[in-house]
Amino acid sequence: MKRILNVALLVIVSGCASDPVTTTQVPEQLCVGSTVISAELSDKFELVRDPALLSQALGEALAGKLCQGAVYQSTQEVTIYRAWNSTNPHSQFGQWWSFTRPAGQVSEYRKDYEICYQWSPLDKLAECTLKPGTKVVVGNGQSAWCSEYLSYPVSDKQQVYITDASDSAMKCQSYDGVISWEHDVAQ
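Under an unreviewed UniProt entry, the name given to the protein is Lipoprotein, and the organism recorded is Photobacterium lutimaris.

Here the focus is helix 3 (residues 106-113). Those residues of helix 3 that fall on the buried side of the exposure criterion are Y109, R110 and Y113. Seen from one end, helix 3 has its buried residues packed into an arc of 100 degrees, which puts them on one side. In the core, the buried residues of helix 3 are packed alongside strand 4 (78-84), strand 9 (150-152) and strand 10 (158-161). Positive backbone phi, approximately 50 degrees, marks E114, located one or two places after helix 3.

Right, let's get into the state of the cysteines. Should the sulfur atoms of two cysteines be covalently bonded, the bond is a disulfide. Overall, the coordinates contain three disulfides when judged by the stated rule. One disulfide in the model links C116 with C146; its S-S distance is 2.0 Å. Around the S-S axis, the bridge from C116 to C146 shows a dihedral of about -80 degrees and counts as left-handed. Placement of the pair is C116 in the loop between helix 3 and strand 6 (124-130) and C146 in strand 8 (residues 144-147), with a sequence separation of 30 residues. The class of C146 is buried, set by a relative accessible area of 6%. The partner cysteine of C128 in its disulfide is C172, sulfur to sulfur 2.1 Å. Handedness of the C128-C172 disulfide follows from its S-S torsion of about 115 degrees: it is right-handed. With C128 in strand 6 and C172 in strand 11 (residues 169-176), this pair connects stretches of sequence that are 44 residues apart. Here C172 falls in the partly exposed class, since its relative accessible area comes to 31%. With cysteine numbering restricted to those in disulfides and following the sequence, the protein has the pairing 1-2, 3-5, 4-6.

F45, I80, W97, F99, V136 and I162 are the most contacted members of the largest nonpolar core, which has 19 residues in total. Taken together, the elements giving at least two residues each to this core come down to strand 3 (66-74), strand 4, strand 6 and strand 7 (135-141). The contact partners of V136, leaving out residues within four places of it in the chain, are F45, L53, A70, V71, Y72, L130, V160, Y161 and I162. Ranked by size, the runner-up nonpolar core spans nine residues in total, among them V48, L53, V71 and Y161.

This part covers the side chain of Q92. Examined against the element boundaries, Q92 turns out to sit in the loop between strand 4 and strand 5 (96-97). Apart from the residues within four sequence positions on either side, Q92 is in contact with R82, W84, W97, A126, C172 and S174.

In the structure shown here, the tally under the stated rule is five salt bridges. Between D50 and K135 there is a salt bridge, and its shortest N-O distance comes to 3.2 Å. Note that D50 is positioned in the loop between strand 2 (45-47) and helix 2 (51-57) and K135 in strand 7, a separation of 85 residues in sequence. Given a relative accessible area of 32%, K135 falls into the partly exposed group. In this structure, the salt-bridge partner of K111 is E108, at a minimum N-O distance of 3.5 Å. Taken together, the positions of K111 and E108, both in helix 3 and three residues apart, correspond to about one turn of that helix. Judged by its relative accessible area of 37%, K111 falls in the partly exposed class.

Scoring rules and cut-offs
- Residues numbered from 1 in each chain as written.
- Predicted model: local features only at pLDDT ≥ 70, side-chain atom pairs only at ≥ 80, totals over all residues.
- Heavy atoms only, no water.
- Buried < 20%, exposed > 50% of the residue type's maximum accessible area, 1.4 Å probe, protein only.
- Helix = DSSP H or I, 4+ residues; strand = E, 2+ residues; numbered from the N terminus.
- Arc of directions from axis to C-beta.
- Contact = heavy atoms within 4.5 Å.
- Disulfide = S-S within 2.5 Å.
- Core = buried A, V, L, I, M, F, W, Y, C linked by side-chain atoms within 4.5 Å.
- Salt bridge = Lys/Arg side-chain N within 4 Å of Asp/Glu carboxyl O.

Here is the structure:
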């Protein structure tokens, strides 16, 4: 029975996978979301082929990184965002970015982008401009295991993987996270 289930899952994943030239998906993992850049940014990027870069961004189930991705090269300046760890100044220019400014509850942001609490307190925000000519991988988050009490499933939120953000990001502004409490409307 287990073997039949594995074969069925492989058939489903194979049927859902897109053109391997432009998009790659981690085998035996049901990814959600899209690797297609939004209409508002589509004129600022072109789809390119770079299997090595794509491979760096993809991760196995429960290991974080991306579940699926496509490589793009920027043709114009684009605003990018990164929540990072102030106790590690080198993390400001890490590899994981977003086209969307973080907002809302930190716990939801962690779930949407599969960020374990051990990896970062998310107490700083960098808002930068991505230089034209930069190659990035755009994809959806892979599941992540944080502890026996916490793991995150795959996500449909798009993430941006940049290997050399310290060279590719310019005009950066930093913001501090502040404690702000709101009434819990669920009660």
